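An overview of the molecular structure
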Amino acid sequence: MELDAAQNPNPDPPISAYYQTRAEHHAVVSSDWLAHAAAAAASFPDAGAGADAAPPPSPGSNGGGVIEEFNFWRRKPEAAEAVAAIMALAAVIRSSRATTMMELEIELKKASDKLKSWDATSISLSAACDLFMRFVTRTSHLEHEKFDAAKSRLIERGEKFGEISLKARKTIAMLSQDFISDGCTMLVHGYSRVVLEILKLAASNRKLFRVLCTEGRPDRTGLRMSNELAALGIPVKVLIDSAVAYSMDEVDMVFVGADGVVESGGIINMMGTYQIALVANSMNKPVYVAAESYKFARLYPLDQKDMTPAHRPIDFGVPIPAGVEVETSARDYTPPQYLTLLLTDLGVLTPSVVSDELIQLYL
Amino acid sequence: MPDVQPLVSEFVLKLKRRKVEGSHAVARQTAELLRSVVSQHRMGSTNQAAALADAIRSVGEQLISANPIELAVGNIVRRVLHIIKEEDISSTAVGIEGLSVTVDSDDEYDSGNDDHPTLSAAVLASHARNALRAPSLQTLLDDIPVSTALSRSASSTGDSDGKTAGDKSLKTRKLKHDVIAAIGDLIEEIDTCYDQISEQAVELIHQNEVILTLGRSRTVKEFLYAAKEKKRSFRVFVAEGSPRYQGHVLAKELVEKGVQTTVITDSAIFAMISRVNMVIVGAHAIMANGGVIAPVGMNMVALAAQKHAVPFVVVAGSHKLCPLYPHNPEVLLNELKSPSDLLDFGEFSNCMNFSTQDGTPLLNVVNPTFDYVPPKLVSLFVTDTGGHSPSYMYRLISEYYSADDLVVQRKSTS
């Protein structure tokens, strides 16, 4: 799918590129896709490089190049959005012709702003950009050494971020193991790579548990999740989104991922998460959120409409009459009082810790 | 350490047989035991802190497994490990910073760091300080393995200044001395926790208040005494706290101090709660999410208090603060005591003989010791550091404990 390099591909109606990409990566699969994916996963490092074109030429001082670089990394289904962003910024540093830290910071700021405005709906993108910018500023103040050494250190740390992200997922999986006991039933919503990692580790530790998986309309990413879980040998039951309250009493705990964790400790996640959290709360079931720490963002939504709107086209299967409106928002905000614990690579946190972490980083 | 082993074994036996009970006594004795372990530990010349921590861990492992329900043991062990780390890093960081001031260009630095980009002393010092704190967003992208960096620079400082063996042993003794002094502070903190908590009684208890408590907690008793000293007029409802009926003892003690007291059964709590201004109770342990492990019956009190919007205040010393998360506390953090507390053997011995086809007796008696109160039911924690909300517990935990000490296990000796 060819994307216009410098502009968001679907400016009118405003479709969120972030959710578009997620749908491409994780939406409904057929059984032969699954077989194909299994074969590809066995040789993932090669398959990934072979399938995509060679990386775009170095951006040079051309600002548009950072978007190309970002899109290149974003295509890889295993890599997190934040990783793609930081790789792109690292590439900017590598090709930069600045001779002082100040110049480099200004270039990076421009590239980072460009990335953020290209897709204003992706929270992990902007959070990762901010995190990297803070890292750069801190590094430049701390080290009184040669510019080249500092530059190479920044590039190295940026490129290592993919490893950090994978390590973060593994840390979260390890921390979560104690929460899964034998014979428990858990509910998951949509497709989250972190939650999948948790369940993979639990299955490999021979824990006996059952998973109820929601369908996750409109992308139906939940079906993909159930395929993956079935492949691991975990008993799975698929529910339509409306069946959550009906099944909630047989559930012991709810596990969700997050697209972003906001300052209040609440999360922004795929549409339907808020609903599930409300039902779980009213029935006294714990809701655990698995999110990497770089998804913490300096946002403070006060209600559902307080975020940048992110829309996804919804296919109902039948044409909708002309005068009828459709709610196409792809995500919702779950306030912190409905969440029990956040499982992150910084440890197991209560929602109140998030603002503390952000303050330490930014102030 | 052959000298210390008999002491350790004796304490382990006491814990196993539940001869020593109550968080305060357990915490104090654990701290004293660990202080002896530290003072009798023979310090090596390199990597002293790690070896010392390892010794503490091996003793700690034995103590914790002797009575896993007594969380105060694990708390103190982890506090001591954190103390060791703190003392080690603060003394080394001071050393590095001092070095960067006195020495301008250092050949040792460049020759030692071929494979690593040259790092200035300021970076190392700041990383040393960061290593002490829990992992955070700030340090997410950093990569310096602090221990190797510190040891490399420490050894290079040793060479460049030409320190003699005498100086090295001075440094050894200093670490041990600092750790022992810090453990002494910890013991004092445990001893004075009642006074520190009681100081806050005046702000919490006002005139003409009606207070409800369950069972007998020494911390609550001191708290109420202190309020009485300051001439606050209040009445206390004491729920007797079956099956041990310690509430009766507390009622007697309060009456001796001139406090108007009413004794009620546990079942009457819900009926009386609407006439109460505040519930003040003690705890066995406070978990990392702000949940409370308390004597059995406490969850019921907390639910009743929530229903009638009565503030539920938990008073506890900081040695009860545990960095673990309760996964299944009703089962895993509980202990079933003898049924003789509930039923008299003489009367009921004939019931024990009747059995079903597979041999299990028809009459079962369950006597759990503890109850779990979830954090959302607690209004306030009063500890020796002040009053905090349940969502603040994580801060205290990150101050007192290190993240990698959650599982106390002896690391493999290298």
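Parameters at a glance
Residue positions are counted from 1 within each chain, in the order its sequence is given. Each chain takes a letter, starting from A, and each ligand takes a number, starting from 1, following the order in which they are written. For this predicted model, a pLDDT threshold of at least 70 governs which residues receive local features, and a threshold of 80 or more governs which side-chain atom pairs are given and counted, while totals over whole chains, interfaces and linings are taken from all residues. Only hydrogens and water are set aside when side-chain values are computed; all heavy atoms of the structure are taken into account. Numbering of helices and strands runs from the N terminus; a helix is a DSSP stretch of H or I covering at least four residues, while a strand is a stretch of E covering at least two. When a residue's accessible area, from a 1.4 Å probe over protein chains only, is under 20% of the maximum for its type it is buried; when over 50% it is exposed; and in between it is partly exposed. Should any heavy atoms of two residues lie within 4.5 Å, those residues are considered in contact. All accessible areas in this document rest on Shrake-Rupley with a 1.4 Å probe, and a residue is counted as covered only by the protein chains that are shown. Patch construction takes residues with relative accessible area above 30% that form no salt bridge. Like charges are linked within 9 Å, and nonpolar side chains (Val, Leu, Ile, Met, Phe, Trp, Tyr) are linked within 5 Å. Think of a salt bridge as a Lys or Arg side-chain nitrogen and an Asp or Glu carboxyl oxygen that are within 4 Å of each other. Here, a strand pair is defined by DSSP locating no fewer than two bridges between the strands. Lines fitted to C-alpha atoms define the axes, with helix axes restricted to the stretch in contact, and inter-axis angles between N-to-C directions lie between 0 and 180 degrees. Per-residue confidence from the predictor is reported as pLDDT, a score between 0 and 100. Source of the domain bounds: an automatic or database domain assignment. Values labelled buried area give the accessible surface lost by two parts on being combined, using a 1.4 Å probe and summing over both. Ring pairs are drawn from Phe, Tyr and Trp, using the six-membered ring of Trp, whenever the two centres fall within 6.5 Å, and their geometry is named by plane angle: stacked under 30 degrees, edge-to-face over 60, tilted for the rest. Placement of a charge over a ring requires the Lys NZ or Arg CZ to be within 6 Å of the ring centre, with the centre-to-atom vector within 35 degrees of the ring normal. The definition of a right-handed crossover adopted here requires that, viewed with the strands pointing away, the path from the first strand over the helix to the second runs clockwise. By the criterion applied in these results, polar contacts are pairs of N or O atoms within 3.5 Å in which, for protein atoms, one can donate a hydrogen and the other can accept it, and in which residues neighboring in sequence qualify only through two side-chain atoms.

1. Describing the overall build of chain A
Within chain A, the regular secondary structure consists of 14 helices and ten strands. Here chain A, with 363 residues, has 53% of them falling under the buried criterion. Partitioning the intrachain contacts of chain A with sequence separation of at least 6 by distance along the chain shows that 76% fall at a separation of at least 24. Put simply, chain A shows about 16,200 Å² of open surface, and 55% of that area lies on carbon and sulfur atoms.

2. Focus on the overall build of chain B
The secondary structure content of chain B amounts to 17 helices and ten strands. Within chain B, the fraction of its 414 residues that count as buried is 48%. Considering only contacts in chain B between residues 6 or more positions apart, those separated by 24 or more positions represent 81%. Surface accessibility of chain B: about 19,700 Å² in total, with carbon and sulfur atoms responsible for 52%.

3. Considerations on a nonpolar patch on the surface
All names here are of chain A. A grouping of Phe316, Val318, Ile320, Val324 and Val326 is seen on the molecular surface, where their side chains present a nonpolar patch of about 400 Å² in accessible area. Tracing the sequence through the fold places Phe316 in the loop between β7 (287-290) and β8 (331-334). Take Phe316: its relative accessible area is 41%, and that puts it in the partly exposed class.

4. Focus: the sheet that holds strand β10 (residues 386-388) of chain B
The strands that make up a sheet pair up through hydrogen bonds in the backbone, lying either parallel or antiparallel. Residue and element names in this part refer to chain B. Strand order in the open sheet formed by seven strands is β3-β2-β1-β4-β7-β9-β10, and the pairing between neighbours is mixed. Across the chains shown, the open sheet's two edge strands, defined by having one partner strand only, are β3 (260-264) and β10. Sheet twist, expressed as the mean angle between neighbouring strand axes with direction ignored, is 25°. Inspection of the sheet shows strand β9 (residues 380-383) paired to β10 by three bridges, in the antiparallel sense. Pairing of Val382 across the sheet is with Gly387, part of β10.

5. Overview of the pattern of salt bridges
Evaluated as defined, the whole model comprises 25 salt bridges over all chains. The shortest N-O distance in the salt bridge between Asp130 of chain A and Lys116 of chain A comes to 2.7 Å. Linking Asp130 of chain A in helix α7 (residues 123-142) with Lys116 of chain A in helix α6 (residues 101-118), this pair joins segments that are 14 residues apart in sequence. Under the relative-accessibility criterion, Lys116 of chain A is labelled partly exposed at 24%. Across the pair Arg216 of chain B and Glu253 of chain B runs a salt bridge, and its minimum N-O distance is 3.1 Å.

6. A closer look at the confidence of the model for chain B
When the pLDDT values of chain B are averaged, the result is 82; 80% of them are 70 or greater. Within the model, pLDDT remains below 50 along residues 145-164 of chain B, and this stretch shows 22 contacts once partners closer than five positions in the same chain are excluded.

7. Points about the domain arrangement of chain A
Residue and element names in this part refer to chain A. Here chain A is partitioned into domain 1 (66-169) and domain 2 (180-315 + 327-362). Tallying the contact residues gives 18 residues for domain 1 and 19 residues for domain 2. For the pair domain 1 and domain 2, the two sides together bury roughly 1,600 Å², of which 64% comes from carbon and sulfur. Looking only at domain 1, the three residues that lose the most surface to domain 2 are Ile123, Arg134 and Arg169, adding up to 40% of its buried area. Applying the counting rule to domain 1 against domain 2 returns one salt bridge. For the salt bridge of Arg169 with Glu292, the shortest nitrogen-to-oxygen distance reads 3.6 Å.

8. Description of the packing of aromatic side chains
This model, assessed by the stated rule, comprises eight aromatic pairs over all chains. Where Phe70 of chain A meets Trp118 of chain A, the ring centres are 6.1 Å apart and the plane angle is 85°; that geometry is what we call edge-to-face. Of this pair, Phe70 of chain A sits in helix α4 (residues 64-74) while Trp118 of chain A sits in helix α6, and the two are 48 residues apart along the sequence. Each of the two residues, Phe70 of chain A as well as Trp118 of chain A, counts as buried. Of the aromatic side chains, those joined through ring pairs into one cluster are Phe179, Phe255 and Tyr288 of chain A. The cationic tip of Arg79 of chain B hangs over the ring face of Tyr400 of chain B; the distance from NZ or CZ to the ring centre is 4.1 Å. Directly above the aromatic system of Tyr225 of chain B lies the positively charged group of Lys257 of chain B, at a separation of 4.8 Å from the ring centroid.

9. Let's talk about the domain arrangement of chain B
Residues and elements named next belong to chain B. Here chain B is partitioned into domain 1 (5-192) and domain 2 (199-334 + 369-405). Each side of the interface is counted separately: domain 1 has 18 residues, and domain 2 has 23 residues. Of the roughly 1,900 Å² buried between domain 1 and domain 2, counting both surfaces, carbon and sulfur atoms make up 54%. Contact with domain 2 buries surface across domain 1, with Ile69, Leu71 and Arg78 losing the most and accounting together for 33% of the total. Summed over the shared surface of domain 1 and domain 2, the number is zero salt bridges.

10. Examining the sheet that holds strand β6 (residues 267-270) of chain A
Residue and element names in this part refer to chain A. Strand order in this open sheet of three strands is β5-β6-β8, and the pairing throughout is antiparallel. Looking along the sheet, the strands with just one partner apiece sit at the ends: β5 (260-261) and β8. Both β6 and β8 contribute to a ladder of four bridges, which runs antiparallel. The residue of β8 that forms the bridge with Ile267 is Thr334.

11. With respect to the environment of Val279 of chain B
Residue and element names in this part refer to chain B. Here Val279 is to be found in strand β4 (residues 278-282). Residue classification places Val279 among the buried positions, given a relative accessible area of 0%. The sequence separation of Val279 and Val263 amounts to 16 residues, and the corresponding C-alpha distance is 15 Å. The residues contacting Val279, other than those within four sequence positions of it, are Leu212, Ile273, Val301, Ala305, Val310, Pro311, Phe312 and Val313.

12. What to know about the pairing of β3 of chain B
Residues and elements named next belong to chain B. Note that strand β2 (residues 234-239) and β3 share five bridges and pair parallel. Within β3, the residue paired with Val236 across the bridge is Thr261. For the segment spanning β2, helix α12 (residues 246-256) and β3, crossover handedness is right-handed.

13. Points about the pairing of strand β3 (residues 236-239) of chain A
Residue and element names in this part refer to chain A. Pairing of strand β2 (residues 209-214) with β3 involves four bridges; the strand directions are parallel. Looking across to β3, one finds that Val211 is bridged to Val236. This β-α-β element, β2 to helix α11 (residues 221-231) to β3, shows right-handed connectivity.

14. So, the environment of Lys200 of chain A
Following the sequence through the fold, Lys200 of chain A ends up in helix α10 (residues 193-204). Residue class for Lys200 of chain A comes out partly exposed when judged on its relative accessible area of 38%.

15. A few points about the confidence of the model for chain A
Residues and elements named next belong to chain A. Per-residue confidence for chain A averages 82 on the pLDDT scale, and 84% of its residues sit at or above 70. Within the model, the stretch residues 1-8 combines pLDDT values under 50 with 15 contacts to residues more than four positions away or in other chains. Within the model, the stretch residues 44-62 combines pLDDT values under 50 with 17 contacts to residues more than four positions away or in other chains.

16. With respect to the side chain of His388 of chain B
Residue and element names in this part refer to chain B. Secondary-structure assignment places His388 in strand β10. Using a relative accessible area of 12% as the deciding quantity, one classes His388 as buried. Of note is the side chain of His388, whose polar atom sits 3.1 Å from the side chain of Thr385. Setting aside its immediate chain neighbours within four residues, His388 contacts Leu380, Phe381, Thr383, Met393 and Leu396.

17. Re helix α1 (residues 17-26) of chain A
The α-helix advances 3.6 residues per turn, and as a result positions three or four apart in sequence lie on the same side. Among the ten residues of α1 of chain A, nine are classified as buried, and the element is accordingly described as predominantly covered. Among all positions of α1 of chain A, only Ala17, Tyr18, Tyr19, Gln20, Thr21, Arg22, Ala23, His25 and His26 of chain A are buried.

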